[in-house]
Amino acid sequence: MTGKNTRLLLVDGNSIIFRAFYAIRTQLTNHDGLHTNAIYGFKLMLDSVLTTYDPSHVLVAFDAGKKTFRTEKYAAYKGQRDKTPSELTEQFGLVKELLQAYGITSYDLPNYEADDIIGTMAAQAEAAGYDVTVVTGDRDLTQLATDKVTVAVTKSGVTQMENYTPAYVQEKLGVTPRQIIDLKALQGDSSDNYPGVTGVGPKTAVKLIKQYESVEALYENLATMKKSKLKEHLEQDQANAFLAKDLARIRQDAPVAVTLADTQRQPVDIDQLVDLYQRLDFKRFLAEIHADQAGRADKKSQLAVDILTNVQDLTTVEYHDGDNLAFVIEVDGDNYHRAPLAGFAFKINDHYFASRDVTLLQEKPLRNLLESATIPVDVFDSKQTYVALNRLGITLRQVNFDLLLVSYLLNNADNSKDMGKLAQEHNYFELTSDEKLYGKGAKRALPADDAVFCGHLAQKTKAIHDLEQQLLTELQQNEQVPLYVDIERPLAIVLAQMEIAGVRVDTDKLMEMQSKFGERLAEIQTAIYAEAGEEFNLNSPKQLGVILFEKLKLPVIKKTKRGYSTAVSVLEKLRGMAPIIDNILAYRQLSKLQSTYIEGLLKVVAPEDGKVHTRYTQTLTATGRLSSVDPNLQNIPVRLEEGRQIRQAFVPSQPGWEIFSSDYSQIELRVLAHVSGDHNMQQAFRDDFDIHTNTAMRIFGIDDPEQVTANQRRQAKAVNFGIVYGISDFGLAQNLGISRQQAKRFITTYLENFPGVERYMREIVEYAREKGYVETILHRRRYLPDIKSKNFNLRSFAERTALNTPIQGSAADIIKTAMIQMQDALQSRGLQARMLMQVHDELIFEAPQEEIPLLEKVVPEVMDSAVQLDIPLKVESKHGATWFAAK
DNA sequence: TATATGACG
DNA sequence: CTTCGCGTCATATAC
């Protein structure tokens, strides 16, 4: 059998897997915590060589085990090798499965190494007239290179190869491929753990082999060599040299049972591959398979979509009770409060219709669908949909299924806001991602073609429906239906209403502060330049580092990746050593306020109403908290007086109104007292005792609260917070500036005094290890695949997360529940007061002055009864003419 | 695009 | 023996 289409690819399986394992350092694991990096890398390598060499035949050879004929000849062979990490061994079987799905033969032979299988097959194939390519990460195999056999050795990563032909070997090493065995005979191999001739390294070996051509010839002529240390060593180590040559020689006559015919490539088994990729969570590869198949199927799945262009077209819209309705409104940009509304699509059972003209939604037939209290609508993101429709004067009434929200509840890790990508996470590939269809960054543009654009939107409505049953079933299995139906789904609408309401900003006040701060910054800057003796960019940590640590020779406390750290913690330690430090600290503080809060805020005030309309992200955090963007209203300064002034610019939207705010007192510690069931902690909360003083009394062994000093209370407070976050003695020591032993004593004493907390900490980590996730009181989940990691850092982090998430997440559950009930309470009492902001444990309202007394009663009542814990919740309220004055 | 810094709970 | 408490977002600069 000859011909140019017969090319045999021989892959050194073990070597490539090891290579992939160490080359791909990213933490890749599937949903069960199984490591997948080596499989991933192997797959990349395989695709790359299959494309490059397009072989008709392929064989992947593996080592059969540790024992081989080489270990029989020499017991210490490869004896120095570390045990293969379990993160890697667990991947071997799956690589073999991958090969099977690819239609590629894999083979191992007891007593022989993969190298020998490759050597033997290469010889057979060459004799049969094949072209042969060997793929390996091991240079030793280059000894197999001939005119017909090329050896590709991985260079960097797993897909970059260096091709060794005989000519290339000659050029690189100065010897022929077969002579590589002779080189190794003389120099030995430290990684395979066998010696050669004492004192002979690569240089001498090459020189000798060039001169004598082989080890055998060298020893035949050894007598003629003139007396030297080298000659003595060669004589002494002759046995070693011949043993090494035997070990180094790759066998070409191993009793291999596969024939060349067996190595012929078989068709790829798509079903098996899909099954494997699903188990491995290889989303991207699944998407590739799907795209490939879709391409082949010649787009037969194109939906029939009615494209509506005018009011007359609406006569085709028909809805009957019980029909399924899915709806999508496309917003061209992130900020759905302002970005253009680009089009919409409906799905009613199997009828799809779409349009670019969003004003058609205002017409009766469509408006009725969305505003009906009895027609449930399925959407992707109900909050965005509600806000967008609100801009058209339409009120979305009945959301049934919200794909984004449900997906987030099922797994809050990697939840894309791009529906196509999110669908892929659930193994659904019929929807192109927005990023792919629209492009990203500067190149982003909606398709000009109506059929393409409307077809895409219609496809979105289909994706929502296609995923609905599957996701709702999973939700049910997780016991998360109430979390969705009672909390997150109604909360989306509450948040939409808060965002739409917006917060009035006093821009005059901000501009006044801007010029005041500007002057002050200029003064400080001048002073700093004088003290530094030169001008430089104060905002550059790099340039500042040079001034402080090189020019002024201040001691270096901490380094960063790029150079000296100039963080506040460092500067504080340098205080008093140079007057410049205080000025730098003042400058930092002020410029932060100026750029982020004053100028940043001014940029996002809507000119139409003088308000900021933040967006609360409901599907982002791992714990269940909200986040706030554009602007972030959850990190407006409060701790330092100068920064707190910014809050003077947050004002009520109507004259005679006030800002009213209520916050939960110690909610996280109360949640800890609840979930841990610790009696001592619970008692303190029931007695409404100062919790930090209580902790101080216990860890310092004080009976009388009057005897607790301010410093003891401060330290106790740090311990309390540390416990919530999953404490370490090191962390606490850092925080309090005490010794590690002292910190350790604090923690031990704490846990002795709060045995329920101690038990909780043990049990929650055990729970996470068993189930792979932790839960909040309302069944919000967080998966922790790293909890079983052998990497200390990753595992410790997962353990701390296991402690912290149920606490932080349950607190989030509580305030979310309160927010839904709050909106009802305000409405049912006919109050004008409006809920405007949520800052994790705090709700902020605006209200007419005369409603304040009622709010002082109603708001805390709703908040402290939102969720019943074993201990009471406590709420504190305040109000004033501005957010600043509400204190 | 990544890093350093600093604002919040 | 390791590690250096959790969750966010915005800005400016360096790469």
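Our subject is the structure that appears above.
Residues numbered from 1 in each chain as written. Chains lettered and ligands numbered in written order. Predicted model: local features only at pLDDT ≥ 70, side-chain atom pairs only at ≥ 80, totals over all residues. Heavy atoms only, no water.

(A) Representation of the overall build of chain A. Looking only at helices and strands, chain A features 34 helices and 23 strands. Dimensions of chain A, computed from the C-alpha atoms along their principal axes, are close to 115 × 80 × 60 Å. If you take every contact in chain A between residues at least 6 apart in sequence, the share linking residues at least 24 apart comes to 66%. In chain A, 102 positive and 118 negative side-chain charges are present, and the distance between their average locations comes to 6 Å. (Helix = DSSP H or I, 4+ residues; strand = E, 2+ residues; numbered from the N terminus. Contact = heavy atoms within 4.5 Å. Lys, Arg positive; Asp, Glu negative; His and termini not counted. Charge placed at Lys NZ, Arg CZ, Asp CG, Glu CD.)

(B) The arrangement of the side chain of arginine 647 in detail. Relative to the helices and strands, arginine 647 resides in the loop between α25 (641–644) and β17 (650–651). As a buried residue without a salt bridge, arginine 647 has its nearest oppositely charged side chain in glutamate 842, at a separation of 4.8 Å. From its side chain, arginine 647 meets the backbone oxygen of proline 637 in a polar contact 2.8 Å long. In this structure, arginine 647 is in contact with Ile636, Pro637, Val638, Thr882, Trp883 and Phe884, ignoring residues within four places of it in sequence. (Buried < 20%, exposed > 50% of the residue type's maximum accessible area, 1.4 Å probe, protein only. Salt bridge = Lys/Arg side-chain N within 4 Å of Asp/Glu carboxyl O. Polar contact = N/O pair within 3.5 Å; in protein donor to acceptor, adjacent residues only side chain to side chain.)

(C) Molecular detail of the sheet that holds strand β3 (residues 105–108). Strand order in the open sheet formed by 6 strands is β3-β2-β1-β4-β5-β6, and the pairing between neighbours is mixed. Where the open sheet ends on each side, the last strands, each with one partner, are β3 and β6 (161–164). Going from strand to strand, the sheet's axes swing by 25 degrees on average, the running direction of each strand aside. Pairing geometry for strand β1 (residues 7–12) and strand β2 (residues 57–62), over 5 bridges, is parallel. Looking at β2, one finds that aspartate 12 is bridged to alanine 61. (Pairing = 2+ DSSP bridges. Axes fitted to C-alpha atoms, helices over the stretch in contact; angles between N-to-C directions.)

(D) Geometry of the nonpolar core. Of all hydrophobic cores here, the largest spans 154 residues; its most connected members are Tyr664 and Met681. When residues of this core are assigned to their parent elements, the largest contribution, 13 residues, is made by helix α33 (residues 792–828). Lining this core are residues from two domains, each supplying at least three of them: domain 2 (293–475) and domain 3 (689–753). The contacts of methionine 681, once residues within four sequence positions are left out, are Leu669, Leu672, Ala673, Ile691, Tyr750, Phe754 and Val757. Leu10, Ile118, Ala241 and Val256 belong to the second largest nonpolar core, which has 48 residues in total. (Core = buried A, V, L, I, M, F, W, Y, C linked by side-chain atoms within 4.5 Å. Domains from an automatic or database assignment.)

(E) Region of the structure containing the packing of helix α27 (residues 679–686) against helix α28 (residues 691–700). At a closest axis distance of 10 Å, the pairing of α27 and α28 adopts a crossing angle of 140 degrees. When the axes of α27 and α28 are compared, the pair comes out oblique. As α27 runs across α28, the sense of the crossing is right-handed. Contact residues: Asn680, Met681, Ala684 and Phe685 in α27; Ile691, Asn694 and Arg698 in α28. When the residues that make up the contact of α27 with α28 are grouped by side-chain class, the tally is 4 nonpolar, 2 polar and 1 charged. (Parallel < 35°, antiparallel > 145°, perpendicular 65-115°, else oblique. Left-handed = near helix turned anticlockwise from the far one by under 90°. Nonpolar A, V, L, I, M, F, W, Y, C, P; charged D, E, K, R; others polar.)

(F) Examining the sheet that holds strand β13 (residues 503–505) more closely. Sheet architecture is open: 3 strands sit in the order β14-β13-β17, paired in antiparallel fashion. Each of the sheet's edge strands pairs with one partner strand only, and the pair in question is β14 (611–612) and β17. For β13 and β17, the ladder comprises 2 bridges, and the chain directions are antiparallel. Looking at β17, one finds that valine 505 is bridged to phenylalanine 650.

(G) Up close: the protein's contact with DNA strand C. Taken together, 36 residues form the shell around DNA strand C, and within it Ser540, Gly722, Phe730, Gly731 and Asn735 come nearest. Asparagine 793 is positioned with one of its side-chain polar atoms (N or O) 3.3 Å from a sugar or linking oxygen of DNA strand C. Secondary structure elements with two or more residues in the surface near DNA strand C: α22 (541–551), α24 (579–604), β16 (627–629), α29 (710–725), α30 (729–736) and α33. The biggest single contributor to the surface near DNA strand C is α33, with 6 residues. Taken together, the residues of the surface near DNA strand C break down into 8 nonpolar, 20 polar and 8 charged. (Near = heavy atom within 4 Å.)

(H) Fine view of the side chain of glutamine 618. Inspection of the secondary structure assignment puts glutamine 618 in the loop between β15 (615–617) and β16. When its relative accessible area of 5% is taken as the criterion, glutamine 618 is described as buried. Within polar-contact distance, the side chain of glutamine 618 engages the side chain of glutamate 488 at 2.8 Å. Beyond its immediate stretch of four places on either side in the chain, glutamine 618 contacts Lys383, Leu405, Tyr408, Glu488, Leu491, Ala492, Leu495 and Leu626.

(I) Up close: the packing of aromatic side chains. If you walk through the whole model with that rule in mind, you get 21 aromatic pairs. Arranged with centres 5.1 Å apart and planes meeting at 50 degrees, the rings of phenylalanine 69 and tyrosine 112 form a pair that is tilted. Taken together, the residues phenylalanine 69 in helix α3 (residues 69–73) and tyrosine 112 in the loop between β3 and α5 (114–127) connect sequence positions 43 residues apart. Overall, the relative accessible area of 10% leaves phenylalanine 69 in the buried class. Given the relative accessible area of 19%, tyrosine 112 is considered buried. The aromatic ring of tyrosine 336 is capped on one face by arginine 615, whose charged end is 5.8 Å from the ring centroid. (Phe/Tyr/Trp six-rings, centres within 6.5 Å; stacked < 30°, edge-to-face > 60°. Lys NZ or Arg CZ within 6 Å of the ring centre and 35° of its normal.)

(J) Representation of the pattern of salt bridges in the model. Enumeration according to the criterion identifies 51 salt bridges in this entry. The partner of lysine 417 in a salt bridge is aspartate 381, with the nearest N and O atoms 2.8 Å apart. In this pair, lysine 417 sits in the loop between α16 (403–410) and α17 (419–425) while aspartate 381 sits in the loop between β11 (377–379) and α15 (382–391), placing the two residues 36 residues apart along the sequence. With a relative accessible area of 47%, lysine 417 lands in the partly exposed category. With its nearest N and O atoms 3.2 Å apart, the salt bridge here joins lysine 874 to aspartate 688.

(K) How the structure looks around the packing of α16 against helix α20 (residues 481–501). The interhelical angle for the contact between α16 and α20, taken along N-to-C directions, is 130 degrees, at an axis separation of 11 Å. Of the possible angle classes, the one that applies to α16 and α20 is oblique. As for the relative orientation of α16 and α20, their crossing is right-handed in sense. Of α20, the residues touching α16 (which contributes Leu405, Val406 and Leu409) are Leu483, Tyr484, Glu488, Arg489 and Ala492.

(L) Geometry of the pairing of strand β8 (residues 325–331). Here β8 lies mainly inside the structure; 7 of its 7 residues are buried. Burial of the side chains of β8 extends over both faces: Leu325, Phe327, Ile329 and Val331 are buried on one face and Ala326, Val328 and Glu330 on the other. Sheet topology places β8 next to strand β9 (residues 341–348); 7 bridges connect them, and they run antiparallel. Residue valine 331 lies in a different strand from β9, and its bridge partner there is leucine 341.

(M) Seen up close, the layout of surface pockets. Each pocket or cavity is described by its volume, and for the second largest pocket that value is around 1600 Å³. As for the second largest pocket, its lining consists of 49 residues, of which Val638, Arg639, Arg647, Val839 and Asp841 are closest to the centre. Those elements that provide at least two residues to the lining of the second largest pocket are α24, α25, β18 (657–664), α26 (667–676), α29, α33 and β23 (875–880). The element that contributes the greatest number of residues to the lining of the second largest pocket is α24, accounting for 6 residues. Partitioned by chemical class, the residues of the lining of the second largest pocket number 23 nonpolar, 11 polar and 15 charged. (1 Å grid on protein atoms, 1.4 Å probe; cavity = no way out; pocket = protein on both sides within 12 Å on 5 of 7 lines; lining within 4 Å. Points joined across faces, edges and corners; volume = space filled by probe spheres on them.)

(N) Highlighting the environment of glutamine 312. Secondary-structure assignment places glutamine 312 in the loop between β7 (305–307) and β8. On the basis of relative accessible area, glutamine 312 is assigned to the exposed category, the value being 59%. Expressed as a C-alpha distance, the spacing of glutamine 312 and glutamine 849, which sit 537 residues apart in the sequence, is 51 Å.

(O) Representation of the protein's contact with DNA strand B within the structure. For DNA strand B, the set of nearby residues contains 21 residues, the closest of which are Arg562, Thr566, Val638, Arg639 and Asp841. Between DNA strand B and the protein, one listed contact pairs a phosphate oxygen with a backbone N or O atom of valine 568 at 3.0 Å. Here arginine 639 contributes a backbone N or O atom positioned 2.8 Å from a phosphate oxygen of DNA strand B. With 3 residues, α24 is the largest single contributor of residues to the surface near DNA strand B.

(P) Inspection of helix α14 (residues 364–371) at higher detail. Every buried residue of α14 is accounted for by Leu366, Leu369 and Leu370. Within α14, the buried residues cover an arc of 90 degrees as seen down the axis, which keeps them to one side. (Arc of directions from axis to C-beta.)

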